[in-house]
Amino acid sequence: QVHLVESGGGLVQPGGSLRLSCAASGSIFSIYGMGWYRQAPGKPRELVAIIIGGSTNYADSVKGRFTISGENAKNAVYLQMNSLKPEDTGVYYCNTKSGGPVPFDSWGQGTQVTVSS
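Engineer: Describe the state of the cysteines, naming the residues involved and giving the relevant values.
Structural biologist: Under the defined criterion, the tally for this structure stands at one disulfide. Between cysteine 22 and cysteine 94 runs a disulfide, and the two sulfur atoms are separated by 2.1 Å. Because the sign of the S-S torsion sets the handedness, a value of about -85° for the bond joining cysteine 22 and cysteine 94 places this disulfide among the left-handed ones. Within this pair, whereas cysteine 22 is found in strand S3 (residues 18-26), its partner cysteine 94 is found in strand S9 (residues 90-98), the two being separated by 72 residues in sequence. A single burial state applies to cysteine 22 and to cysteine 94, both of which are buried.

Right, here's the structure in full:
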C-alpha cells in the first residue's frame, strides 16, 4: 500500500504560478511511475503530467507551462505550474503506479487549485 500526501494548492490569479508537492510512503519500492491528474467540476479526471522510468509526459494543454520533477531521496514528485489559466482550475491528485504481481494505482486526497481574478 502506498500513502500519498499532497500540498501546495490554492487561489492564484491568471498568469500566476503554483507548485504542488506530493510525498509517498509505505510500499514505495514497488513504484515505477509518479504523476498528477486533475478533475474540473463536471468533467472526468485527466492526466496532467507523469514520470515513468525517467521519461516525462504532459497533457497538450499544459505543455510549455507545467514542469513535473521527482526527488527519489524524498520519494516525492512536484508539479511547477506557470502561466496559469482559469481552465487549469480543478482538484489536482497525486498518482503513483506500482508494479509487481498485481499492479495498482494509488491516489492522494487531492488539492484544490483555483485560477481566478
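Having seen it, we continue.
Engineer: Any details on the pattern of salt bridges? Residues and values, ideally.
Structural biologist: Overall, the coordinates contain five salt bridges when judged by the stated rule. Between arginine 38 and glutamate 46 there is a salt bridge, with the nearest N and O atoms lying 2.7 Å from each other. Residue classification places glutamate 46 among the partly exposed residues on the basis of a relative accessible area of 35%. The partner of arginine 38 in a salt bridge is aspartate 88, with the nearest N and O atoms 2.9 Å apart. With arginine 38 in strand S4 (residues 31-39) and aspartate 88 in the loop between strand S8 (76-81) and S9, the pair connects residues that are 50 residues apart, well separated along the chain. Across the pair, exposure class does not vary: arginine 38 and aspartate 88 are buried alike. By sharing partners, the salt bridges in this structure join Arg38, Glu46, Arg65 and Asp88 into a single network.

Engineer: With reference to specific residues and values, describe the side chain of threonine 96.
Structural biologist: By secondary structure assignment, the location of threonine 96 is in strand S9. The contact partners of threonine 96, leaving out residues within four places of it in the chain, are Val2, Leu4, Ile31, Gly33, Met34, Phe104, Asp105 and Ser106.

Engineer: Go over the sheet that holds strand S1 (residues 2-7), please, and point to the residues and values.
Structural biologist: Within a sheet, adjacent strands bond to each other through the backbone by hydrogen bonds, running parallel or antiparallel. Strand order in the open sheet formed by four strands is S1-S3-S8-S7, and the pairing between neighbours is antiparallel. Of all the strands in the sheet, the pair left with one neighbour each is S1 and strand S7 (66-71). Averaged over all adjacent pairs, the angle separating strand axes in this sheet is 15°, with direction ignored. Bridging between S7 and S8 involves six bridges; their strand directions are antiparallel. Note on S8: the bridge partner recorded for isoleucine 68 is leucine 79.

The rules we used
Residues numbered from 1 in each chain as written. Predicted model: local features only at pLDDT ≥ 70, side-chain atom pairs only at ≥ 80, totals over all residues. Heavy atoms only, no water. Disulfide = S-S within 2.5 Å. Helix = DSSP H or I, 4+ residues; strand = E, 2+ residues; numbered from the N terminus. Buried < 20%, exposed > 50% of the residue type's maximum accessible area, 1.4 Å probe, protein only. Salt bridge = Lys/Arg side-chain N within 4 Å of Asp/Glu carboxyl O. Contact = heavy atoms within 4.5 Å. Pairing = 2+ DSSP bridges. Axes fitted to C-alpha atoms, helices over the stretch in contact; angles between N-to-C directions.

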